[in-house]
Amino acid sequence: MMVSSSLRLQPARLPALSAAGGCSSLRTKRCPVAFASANLSGNDLSLESKVGTLLDTVKWDDKGLAVAIAQNVDTGAILMQGFVNRDALAETISSRKATFYSRSRSSLWTKGETSRNFINISDVFLDCDRDSIIYLGKPDGPTCHTGSETCYFSSIEDILEPSQVTRNELALSTLYSLESTISRRKAELAESQDGKPSWTKRLLLDNKLLCSKVREEADELCRTLEENEDKERTASEMADVLYHSMVLLAVRDVKMEEVLEILRHRFSQSGIEEKKNRAKG
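Attention here is on the structure that accompanies the text. (Residues numbered from 1 in each chain as written. Predicted model: local features only at pLDDT ≥ 70, side-chain atom pairs only at ≥ 80, totals over all residues. Heavy atoms only, no water.)

### Quick look at the overall build of the protein chain
Broken down by element type, the protein chain carries nine helices and seven strands. Considering the protein chain as a whole, with its 281 residues, one finds that 33% of them fall into the buried category. Of the contacts made within the protein chain by residues no fewer than 6 positions apart, 53% connect residues no fewer than 24 positions apart. Carbon and sulfur atoms make up 53% of the accessible area of the protein chain, which amounts to about 17,500 Å² in all. (Helix = DSSP H or I, 4+ residues; strand = E, 2+ residues; numbered from the N terminus. Buried < 20%, exposed > 50% of the residue type's maximum accessible area, 1.4 Å probe, protein only. Contact = heavy atoms within 4.5 Å. Areas by Shrake-Rupley, 256 points an atom, 1.4 Å probe, with all protein chains shown as cover.)

The structure is reproduced here in structure tokens:
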């Protein structure tokens, strides 16, 4: 999906919307964004105006709705899809909690208001046509009412060609498919082993071997730079480093999502500052 614009959200940047700020009619295109505080500063008034202008640019359908897709900011996983109207998007921008419009109840609802599994919004993106929206955020827990991490775990391939083994696999990117495979190999270690173990299982069972491979592959990656090898060689060695490092993470019961979350938090500070903070800790 092409992205042409985004609204960057900062903590506590927007005051809370008042309960009375909603539109009386779902079809209303230009209902004002009403804020709870009657004593807004000049900056707040300017921001309120910008939000209102932004909402005017969304191409709402004939019912005043647009599709909103919630995506995990760290894993990239598509969590769920819902519908939003002008008020729902304004509430999401203000509260930083993913908020939708219920067509059956004709009212706003915030994901997690019952389960407490909120989706905490980091950013909101509009597509190039401004008729669909991405809520980019961090979920507090499982998103799906079934208890699944996401609402997308029914593979068309499995439906068209069902296997004898019942599977409940999430729609995963390459990185997380690899992590899932490594996790399965680790779980299989508790079962009786027939024949020669896979390379992944050997690494999981032998910390010394695993650490030696991480060091070896990291050295080979560095040599592609030092010896000016081609880009394909660098990509191949990086793949080896990544795979062996992810096996080490599995041994330590650390998820890639935890690693990426730490990286995301480091975006806002310099590397020098971050290292100083680590030393103090």
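Additional details are given in the paragraphs that follow.
### Some details on the nonpolar core
Considering soluble globular proteins, one finds that nonpolar side chains tend to be buried as a cluster. Core analysis: the biggest nonpolar cluster contains 23 residues, and Val84, Leu89, Phe100, Ile119, Ile133 and Tyr135 have the highest contact counts within it. Broken down by secondary-structure element, the contributors of at least two residues to this core are α1 (42-57), β2 (66-72), β3 (78-84), α2 (86-95), β6 (119-127) and β7 (132-139). Setting aside anything within four residues of it in sequence, one finds phenylalanine 100 in contact with Ala68, Met80, Gly82, Phe83, Val84, Ala88, Ser107, Leu108, Trp109, Lys111 and Tyr135. Membership of the second largest hydrophobic core comes to 13 residues, among which are Tyr176, Leu204, Val214 and Ala250. (Core = buried A, V, L, I, M, F, W, Y, C linked by side-chain atoms within 4.5 Å.)

### Observations concerning unusual backbone geometry
Here arginine 130, not a glycine, exhibits a phi torsion of approximately 60 degrees, which is positive. At asparagine 228, a residue that is not glycine, the phi angle is positive and equals roughly 55 degrees. On the secondary structure map, asparagine 228 appears in the loop between α6 (207-226) and α7 (231-251).

### Regarding the environment of leucine 79
As for its position among the elements, leucine 79 is in strand β3. Overall, leucine 79 belongs to the buried group, its relative accessible area being 0%. Placed 60 residues apart in sequence, leucine 79 and proline 139 show a C-alpha to C-alpha distance of 8.6 Å.

### Overview of the packing of aromatic side chains
On inspection of all chains with the given rule, the structure shows two aromatic pairs. A centroid spacing of 5.4 Å and a plane angle of 55 degrees characterise the contact between phenylalanine 100 and tyrosine 135, whose relative ring orientation is tilted. Placement of phenylalanine 100 in strand β4 (residues 99-102) and of tyrosine 135 in strand β7 is noted, with a sequence separation of 35 residues between them. The same class applies to phenylalanine 100 and to tyrosine 135, which are both buried. What links up through ring pairs into an aromatic cluster is the set Phe100, Trp109 and Tyr135. Note that lysine 97 overlies the ring of phenylalanine 118, its terminal NZ or CZ placed 4.9 Å from the centroid. (Phe/Tyr/Trp six-rings, centres within 6.5 Å; stacked < 30°, edge-to-face > 60°. Lys NZ or Arg CZ within 6 Å of the ring centre and 35° of its normal.)

### Quick look at the pattern of salt bridges
Side chains carrying opposite charge are able to pair once their charged atoms draw close together. Using the criterion set out here, one finds 14 salt bridges in the structure. Among the salt bridges present, the one from arginine 264 reaches aspartate 74, with a minimum N-O distance of 2.7 Å. Linking arginine 264 in helix α8 (residues 256-266) with aspartate 74 in the loop between β2 and β3, this pair joins segments that are 190 residues apart in sequence. Close ionic contact of lysine 186 with aspartate 253 constitutes a salt bridge, the shortest N to O distance being 2.5 Å. In this pair, lysine 186 sits in helix α4 (residues 174-188) while aspartate 253 sits in the loop between α7 and α8, placing the two residues 67 residues apart along the sequence. Each of Asp74, Lys138, Glu257, Glu261 and Arg264 takes part in a single network of salt bridges with overlapping partners. (Salt bridge = Lys/Arg side-chain N within 4 Å of Asp/Glu carboxyl O.)

### Focus: the packing of α6 against α7
In the contact formed by α6 and α7, the axes pass within 9 Å of each other and the chain directions differ by 155 degrees. In terms of axis orientation, α6 runs roughly antiparallel to α7. Between α6 and α7 the crossing geometry is left-handed. Contacts from Asn207, Leu210, Lys213, Val214, Glu217, Ala218, Glu220, Leu221 and Thr224 of α6 reach α7 at Arg233, Thr234, Glu237, Met238, Asp240, Val241, His244, Ser245, Val247, Leu248 and Val251. Residue composition of the contact of α6 with α7, grouped by class: nine nonpolar, five polar and six charged. (Axes fitted to C-alpha atoms, helices over the stretch in contact; angles between N-to-C directions. Parallel < 35°, antiparallel > 145°, perpendicular 65-115°, else oblique. Left-handed = near helix turned anticlockwise from the far one by under 90°. Nonpolar A, V, L, I, M, F, W, Y, C, P; charged D, E, K, R; others polar.)

### What to know about the pairing of β3
Relative to β3, β2 runs antiparallel, the two sharing six bridges. The residue bridging alanine 66 from the neighbouring strand is valine 84, located in β3. Linking β2 back to β3 in an antiparallel pair, the connection comprises five residues, with glycine 76 at a positive phi of about 80 degrees. (Pairing = 2+ DSSP bridges.)

### Describing the state of the cysteines
Working definition of a disulfide: a covalent bond connecting the sulfur atoms of two cysteines. Following the criterion strictly, the structure yields zero disulfides and no others. The thiol of cysteine 144 is not disulfide-bonded; the next cysteine sulfur, from cysteine 151, is found 4.0 Å away. (Disulfide = S-S within 2.5 Å.)

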